[in-house]
Amino acid sequence: MKRLPIPDDVTGEEIDADVRQELQSLPKGLAEDVSRNLVMVARLIDEDPEGAYAYSKIALRLASRVAAVREAAGFAAYANQKYSEALAEFRAARRMTGNVDLWPVMADCERGLGRPEKALDMAGAPEVHKLDKAGQVEMRLVAAGARRDIGQLDAAIVTLQSPELASNSVQPWTARLRYAYADALLAAGREDEAREWFAKAVESDKDGSTDASDRLAELDGVEFVDALVEDEDEVAPEAEAEDEAEAEDESETATDAEADTDPDTEVETEVDDEDDIVEAERAKPVVEADDDDEAPRG
């Protein structure tokens with residue numbers, strides 16, 4: 001597989017200490033190569049998922065027996081909606097480590113594959129109790145999504161109702177949890193409650209991880225107009241009229257200049273003038289002198 005270019009400022013030291021620890025089982029040069037590709041995966045996965053996926057495939061080829069590499073490959077595939085591939089990588093990483101942290105995203109892959117019932121089964125599995133608080137909230141979000149997939153809106157709303165939702169404490173998951181709850185309420189036709197929770201999501205969304213502010217504005221009937229586009233639309237007809245006028249002036253000027261400089265036109269004019277003079281001379285009456293009018297001779 002062809003290697004992809006990696007910027008010089010990427011050293012590989014940027015990865016987590018736990019991942020570096022895993023890579024120590026590899027030869028030094030290989031470990032550095034793998035780590036730099038993993039850094040590129042992390043750097044691109046949000047803005048350029050396809051690029052991240054390409055780097056993950058290289059890392060996977062170099063070190064497929066490293067759990068961190070399998071996990072990175074899984075997230076890169078997941079970001080590109082390659083759910084079957086992502087699920088396979090996550091399962092491999094879990095087998096290597098015995099860790100349950102990937103359980104929620106594995107369940108979401110089942111949703112992506114059109115198997116929401118399987119995702120709900122995973123939401124009720126013993127592994128969920130081993131998750132930390134963030135993992136449990138993530139599992140709740142996945143389960144609510146699976147409920148909505150099968151048309152159980154009310155059940156989805158109930159699934160999201162939890163101490164974490166009611167808490168005034170803002171955690172990394174708070175904005176997404178409130179957003180999901182507001183979106184479920186709106187889907188169920190409970191618009192006033194949805195507006196309230198979209199507003200709460202905005203309050204907790206410090207890094208803009210959701211579009212809660214846009215959804216709230218939409219519910220309030222606020223329309224955003226691009227002032228630049230509007231100005232261009234107003235100016236465009238005037239500019240077009242000016243361009244047409246200039247084009248007409250240029251056309252007339254070019255026509256006049258062509259007429260002034262056309263030698264055929266000049267010759268034709270001169271010939272016409274001479275013909276007119278000859279015709280005029282021929283048209284003059286011939287006056288014959290009478291004998292009485294002759295001048296006296298000397």
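Structural data are supplied above this passage.
All residue numbers refer to positions counted from 1 along the written sequence of the respective chain. With the structure being a predicted model, the display of local features is reserved for residues of pLDDT at least 70 and the display and counting of side-chain atom pairs for 80 or more, all residues being used for whole-chain, interface and lining totals. Excluded from the side-chain calculations are hydrogens and water; all other atoms, namely the structure's heavy atoms, are used.

**Student:** For this particular structure, what's the right way to read the overall build of the protein?
**Tutor:** The helix count covers DSSP runs of H or I at least four residues long, the strand count covers runs of E at least two residues long, and both are numbered beginning at the N terminus. In terms of helices and strands, the protein carries 15 helices and 0 strands. For the exposure calls, accessible area comes from a 1.4 Å probe over protein chains only, and a residue counts as buried if that area is under 20% of its type's maximum, exposed if over 50%, partly exposed in between. Out of the 298 residues in the protein, the part that is buried amounts to 34%. Contacts: residue pairs with any heavy atoms within 4.5 Å of one another. Restricting to contacts in the protein with at least 6 residues of sequence separation, those with at least 24 account for 53%. For the protein, the computed accessible surface area is about 19200 Å², with 47% contributed by carbon and sulfur atoms. For the accessible areas, the method is Shrake-Rupley and the probe is 1.4 Å, while residue cover comes only from the protein chains on display.

**Student:** Would you explain unusual backbone geometry in this entry?
**Tutor:** Even without being a glycine, Gln81 presents a positive backbone phi close to 60 degrees. Within the secondary structure, Gln81 is located in the loop between α4 (67-79) and α5 (83-97).

**Student:** Please clarify how the pattern of salt bridges should be interpreted in this entry.
**Tutor:** Opposite charge on two side chains permits pairing when their charged atoms draw close. Definition used for salt bridges: Asp or Glu carboxyl oxygen within 4 Å of a side-chain nitrogen of Lys or Arg. A full pass over the atoms with the stated rule returns 16 salt bridges. One salt bridge in this structure joins Asp9 and Arg43, with 3.8 Å as the shortest N-O distance. Within this pair, whereas Asp9 is found in the segment before α1 (17-23), its partner Arg43 is found in helix α2 (residues 28-44), the two being separated by 34 residues in sequence. Note that Glu138 and Arg176 form a salt bridge whose closest N and O atoms lie 2.8 Å from each other. A residue pair is termed long-range when its members are at least 10 positions apart, and Glu138 in helix α8 (residues 133-149) and Arg176 in helix α11 (residues 174-187) qualify at 38 residues. Its relative accessible area of 27% is what places Glu138 among the partly exposed residues. It is possible to trace a salt-bridge network through shared partners that takes in Arg91, Glu110 and Arg115.

**Student:** Got a minute to help me understand α2 in this structure?
**Tutor:** Helical geometry: 3.6 residues make up each α-helical turn, so side chains three or four residues apart lie on a common side. Under the convention used throughout, the expected extent of a helix is 1.5 Å for every residue step, that is, one less than its residue count. The first and last C-alpha atoms of α2 sit 25 Å apart over 17 residues, in line with the 24 Å expected at 1.5 Å per residue. Among all positions of α2, only Ala31, Asp33, Val34, Ser35, Arg36, Asn37, Leu38, Val39, Met40, Val41 and Leu44 are buried. Buried residues along α2 sit against α1, α3 (49-62) and α4.

**Student:** It is not clear to me how the packing of aromatic side chains should be interpreted in this structure. Could you clarify?
**Tutor:** Geometrically, a pair of aromatic rings is defined through the distance of the ring centres and the angle of the planes. Pairing of aromatic side chains requires ring centres within 6.5 Å, counting the rings of Phe and Tyr and the six-membered ring of Trp. Pairs whose planes differ by under 30 degrees are stacked, by over 60 edge-to-face, and all others tilted. What the rule picks out here adds up to 4 aromatic pairs. Geometrically, a lysine NZ or arginine CZ counts as sitting over a ring once it is within 6 Å of the ring centre and also within 35 degrees of the ring normal. Over the ring of Trp197 we find Lys200; its NZ or CZ atom is 4.0 Å from the centre of that ring.

**Student:** Explain the packing of α11 against helix α13 (residues 212-219) here, please?
**Tutor:** Close contact between α11 and α13 brings their axes to 11 Å; oriented N to C, the two are set at 30 degrees. As summarised for this structure, α11 and α13 are arranged roughly parallel, according to the angle between their axes. Classified by chirality, the crossing of α13 by α11 is left-handed. Residues Tyr179, Asp183 and Leu186 of α11 lie in contact with α13, whose contacting residues are Ala212, Arg215 and Leu219. The axes are straight lines fitted to the C-alpha atoms, using for helices just the contacting stretch, and the angles between their N-to-C directions are given from 0 to 180°. Oblique is the label for any angle not under 35 degrees, not over 145, and not in the 65 to 115 range, which are roughly parallel, roughly antiparallel and roughly perpendicular in turn. Working rule for handedness: look at the near helix, and if it is turned counterclockwise from the far one by less than a right angle, call the crossing left-handed; if clockwise, right-handed.

**Student:** Teacher, can you tell me more about the side chain of Glu110 here?
**Tutor:** As for its position among the elements, Glu110 is in helix α6 (residues 103-112). Using a relative accessible area of 2% as the deciding quantity, one classes Glu110 as buried. Any pair of N or O atoms that falls within 3.5 Å is considered a polar contact. Within protein, one atom must be able to donate a hydrogen and the other to accept it, and sequence-neighbouring residues count only if both atoms are side-chain atoms. Of note is the side chain of Glu110, whose polar atom sits 2.7 Å from the side chain of Arg115. Excluding its chain neighbours within four sequence positions, the residues that come into contact with Glu110 are Leu87, Arg91, Arg115, Pro116, Lys118, Ala119 and Met122.

**Student:** How should I be thinking about the nonpolar core in this particular structure?
**Tutor:** For soluble globular proteins, the rule of thumb is that nonpolar side chains tend to be buried together. Residues belong to a common nonpolar core when they are buried Ala, Val, Leu, Ile, Met, Phe, Trp, Tyr or Cys residues joined through side-chain atoms within 4.5 Å. Of all hydrophobic cores here, the largest spans 50 residues; its most connected members are Leu23, Val34, Leu38 and Val69. If you list the elements that add at least two residues to this core, you get α1, α2, α3, α4, α5, α6, α7 (116-123) and α8. When near neighbours in sequence (up to four residues on either side) are disregarded, Val34 contacts Leu23, Leu26, Ala59, Leu62, Ala63 and Val69. In this structure, Leu165, Leu185, Phe198 and Ala201 belong to the second largest nonpolar core, which totals 21 residues.

**Student:** What is the right way to look at helix α12 (residues 191-204) in this model?
**Tutor:** The end-to-end C-alpha distance of α12 is 20 Å, a good match for the 20 Å that 14 residues give at a rise of 1.5 Å each. Taken together, the buried positions of α12 are Ala194, Trp197, Phe198, Ala199, Ala201 and Ser204.

**Student:** Looking at this structure, I do not really get a negative patch on the surface. What am I missing?
**Tutor:** Only residues whose relative accessible area exceeds 30% and that form no salt bridge are eligible for patches; like-charged ones are grouped when within 9 Å, while nonpolar side chains (Val, Leu, Ile, Met, Phe, Trp, Tyr) are grouped when within 5 Å. The sign given to each residue is positive for Lys and Arg and negative for Asp and Glu; His and the chain ends receive no count. Working definition for charges: the position is that of NZ of Lys, CZ of Arg, CG of Asp or CD of Glu. Side chains of Asp16, Asp18, Glu22, Glu71, Asp101 and Asp132 sit close together on the surface and give a patch of like negative charge. Residue classification places Glu71 among the partly exposed residues on the basis of a relative accessible area of 33%.

**Student:** Honestly, the packing of helix α9 (residues 153-160) against α11 in this entry has me stumped. Any pointers?
**Tutor:** Helix-helix packing is characterised by the crossing angle of the two axes and by the distance between the axes. Where α9 meets α11, the closest approach of the two axes is 9 Å, and the angle between their N-to-C directions is 155 degrees. In this view, α9 runs roughly antiparallel relative to α11, as classed from their interaxial angle. Once α9 is placed against α11, the crossing between them reads as left-handed. Across the interface between the two elements, Leu153, Ile157 and Leu160 from α9 touch Leu177, Ala180, Tyr181, Ala184, Leu185 and Ala187 from α11.

Keep in mind these numbers describe shape, not what the thing actually does.
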